[in-house]
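Topology and contacts: notes
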Amino acid sequence: MSTRLDHRNPLVFDTHELGRRPGALQRLSRSVEAPAALGVEGVIGVPEGAPVEIDLRLESVMEGVLVTGTARASAEGECVRCLEPVELELDVDFQEMFSYPDSDDRGRSKAAADDEAEEGEDMIPLEDGMFDLEPLLRDAVVLALPMQPVCRDDCAGLCSECGANLNENPDHHHDVVDARWAALQGLAGSLGTDEKDNMSGKASDGDVRSAAEKQEK
């Protein structure tokens, strides 16, 4: 069950001044505060309360009011590669048809033909001559935002070993040993230690014999 639109909401627009004469035009400009969650949650979006500049063109047609508009705002997020802040200027276009309620000369509701009903499924009805722009604005902004924002196209990201920013230190690297050779390196190290011990042992035996020979002389 839908709730009634509040004309005090800055994203709710009134079409009464436009009238219902086909071809009538009205242009509106309004600066509003961004609603909550205007963007891709946890990735990038327009901060709640940030200014959004809206320009609208309202055109009365037989079926209702055709709304064509542009919204400008600044989106904020973080680079998916290096986690540095990202700011993106948005300039999005949108268009939507808001239909008049179907009524006869006495103001009573009348049933539409089956084909007309199918065509009307894609149109949002006006409510007391008003429409809510927020859903349309939200869809346009989300479609314009990147799902994986980057600070620049050639961002090198972070080191997978220590998290260092590779953009600031492009020569950063770690000596990586193939795991298949790690065991052999360990074995080689232990063999080297044993050989050193053996050499030390032989040297000690030679020193003992040399000292004994000197004493006999």
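See the structure printed just above.
Residues numbered from 1 in each chain as written. Predicted model: local features only at pLDDT ≥ 70, side-chain atom pairs only at ≥ 80, totals over all residues. Heavy atoms only, no water.

Digging into the environment of Gly157
What counts here: Numbering of helices and strands runs from the N terminus, with a helix taken as a DSSP run of H or I at least four residues long and a strand as a DSSP run of E at least two residues long. Contacts were defined at the residue level, with two residues in contact if any of their heavy atoms lie within 4.5 Å.
In this fold, Gly157 is placed in the loop between helix 2 (134–144) and helix 3 (179–216). In sequence terms Gly157 and Cys82 are 75 residues apart; their C-alpha atoms lie 4.2 Å from each other. Gly157 has contacts with Arg81, Cys82, Ala164, Asn165, Leu166 and Asn167, leaving out every residue within four places of it along the chain.

So, the pattern of salt bridges
Filter applied, for reference: Salt bridges are defined by distance alone: a side-chain nitrogen of Lys or Arg within 4 Å of a carboxyl oxygen of Asp or Glu. Three labels apply to residues, based on accessible area from a 1.4 Å probe with only protein chains included: buried if under 20% of the type maximum, exposed if over 50%, partly exposed otherwise in between.
Under the defined criterion, the tally for this structure stands at 6 salt bridges. Across the salt bridge formed by Asp128 and Arg4, the nearest N and O atoms sit 2.5 Å from each other. Residue Asp128 is located in the loop between strand 8 (124–125) and strand 9 (130–132), and its partner Arg4 is located in the segment before strand 1 (12–14); the two are separated by 124 residues in the primary sequence. We classify Asp128 as partly exposed; its relative accessible area is 43%. Classification of Arg4 as exposed rests on a relative accessible area of 64%. Residue Arg57 is joined to Glu59 by a salt bridge in which the shortest nitrogen-to-oxygen separation is 3.2 Å.

Looking at unusual backbone geometry
Although it is not a glycine, Ala37 adopts a positive phi angle of roughly 55 degrees. With relative accessibility at 62%, the residue Ala37 sits in the exposed group. The phi dihedral of Leu83 falls on the positive side, at around 70 degrees, and the residue is not glycine. By the element assignment, Leu83 lies in the loop between strand 6 (64–78) and strand 7 (85–99). Judged by relative accessible area, Leu83 falls into the partly exposed class, the value being 47%.

Examining the side chain of Ser60
Threshold: Throughout this description, a polar contact denotes any pair of N or O atoms lying within 3.5 Å of each other; where both atoms belong to protein, one of them has to be capable of donating a hydrogen while the other can accept it, and for residues adjacent in sequence the pair is counted only when both atoms sit in side chains.
Mapped onto the secondary structure, Ser60 falls in strand 5 (residues 51–60). According to the relative accessible area criterion, Ser60 is buried, its value standing at 1%. Side chain to side chain, Ser60 and Tyr100 meet in a polar contact 2.9 Å long. Setting aside residues no more than four positions away along its own chain, Ser60 makes contact with Leu18, Gly19, Arg20, Arg21, Pro22, Gly23, Ala24 and Tyr100.

Overview of empty space enclosed by the protein
Note the cut-off: Lining residues are defined by having an atom within 4 Å of a point belonging to a cavity or pocket. Those points lie on a 1 Å grid over the protein atoms alone, cavities being sets where a 1.4 Å probe fits but cannot get out and pockets being open sets with protein on both sides within 12 Å along at least five of seven lines. Grid points are joined across faces, edges and corners, and a volume is the space filled by probe spheres set on the points. Polar here means any residue outside two lists: the nonpolar Ala, Val, Leu, Ile, Met, Phe, Trp, Tyr, Cys and Pro, and the charged Asp, Glu, Lys and Arg; Gly therefore counts as polar.
In this structure the tally under the stated criterion is 1 cavity of 30 Å³ or more. Reported here for the largest cavity is a volume of approximately 30 Å³. Taken together, Leu38, Val52, Ala71, Arg72, Ala73, Leu90, Val92, Leu137 and Val141 make up the lining of the largest cavity. Mapped by element, the contributors of at least two residues to the lining of the largest cavity are strand 6, strand 7 and helix 2. When grouped by side-chain class, the residues that make up the lining of the largest cavity number 8 nonpolar, no polar and 1 charged.

A closer look at the layout of surface pockets
Roughly 170 Å³ of internal volume is contained in the second largest pocket. As for the second largest pocket, its lining consists of 11 residues, and the residues nearest its centre are Leu5, Phe98, Ile124, Pro125 and Asp132. Those elements that place two or more of their residues in the lining of the second largest pocket are strand 8, strand 9 and helix 2. For the lining of the second largest pocket, the element with the most residues is strand 9, which contributes 3 residues. Of the residues that constitute the lining of the second largest pocket, the class distribution is 8 nonpolar, 1 polar and 2 charged.

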